[in-house]
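Coordinates in review
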Amino acid sequence: MSRRIMVVDDSRLVRVQLEDALKGTDYEIAAYCRSGEEAVEQYASVQPDLVTMDIIMQGMDGLDAAEIILKNNPEARIVMVSSLAYEDTFDRAKAIGTRGFVDKPFHQGQLLKVFEEALS
């Protein structure tokens, strides 16, 4: 049985990169959201096993969206996927309760390792 992922990122390029990286794995993209607001709205109906969350997006940023999702769904597993890899960003993501951080650009091995850690 495949693990369902909700991708939250405003970049079409990242969506294609994630689709490519997940080909032939036990993961499938169940939903794609282009904003933090959309992710918050769709989380309950999608019920993904894992969420990948960009940080910088139009409107609500990924850290705020992750915080709201986790407040409403403490069992949610969220991995931040961003080029904004600064210590204060890591610290806030961890304090919110996210399960990992993947730097952009990413590769399949890196993604799968963080995903497995987040789901264990």
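Quick note: structure is the one above.
So, a few notes on the structure that sits alongside this text. The structure presented is a predicted model; accordingly, all values stated were derived computationally and were not measured.

To continue, consider the sheet that holds strand β2 (residues 27-33). A sheet is described by the order of its strands in space; here five strands give the open sequence β2-β1-β3-β4-β5, paired in parallel fashion. Where the open sheet ends on each side, the last strands, each with one partner, are β2 and β5 (100-103). Across the sheet, the axes of successive neighbouring strands diverge by a mean angle of 25 degrees, strand direction being ignored. Sheet topology places strand β3 (residues 50-53) next to strand β4 (residues 78-82); three bridges connect them, and they run parallel. Within β4, the residue paired with Met53 across the bridge is Met80.

So, about the environment of Asp103. Tracing the chain through its elements places Asp103 in strand β5. Sequence separation between Asp103 and Ile56 is 47 residues; the distance between their C-alpha atoms is 13 Å.

Relative orientation and spacing of two packed helices are given, respectively, by the angle between their axes and the distance between those axes. Direction vectors running N to C along helix α2 (residues 36-46) and helix α3 (residues 62-72) enclose 15 degrees, while the axes themselves pass 9 Å from each other. Considered as vectors, α2 and α3 are oriented roughly parallel to each other. In this structure, α2 crosses over α3, and the sense of that crossing is right-handed. Between α2 and α3, the residues in contact are Gly36, Ala39, Val40 and Tyr43 and Ala65, Ile68 and Ile69, respectively. Grouping the amino acids of the contact of α2 with α3 by side-chain chemistry returns six nonpolar, one polar and no charged.

Calculation criteria
- Residues numbered from 1 in each chain as written.
- Predicted model: local features only at pLDDT ≥ 70, side-chain atom pairs only at ≥ 80, totals over all residues.
- Heavy atoms only, no water.
- Pairing = 2+ DSSP bridges.
- Helix = DSSP H or I, 4+ residues; strand = E, 2+ residues; numbered from the N terminus.
- Axes fitted to C-alpha atoms, helices over the stretch in contact; angles between N-to-C directions.
- Parallel < 35°, antiparallel > 145°, perpendicular 65-115°, else oblique.
- Left-handed = near helix turned anticlockwise from the far one by under 90°.
- Contact = heavy atoms within 4.5 Å.
- Nonpolar A, V, L, I, M, F, W, Y, C, P; charged D, E, K, R; others polar.

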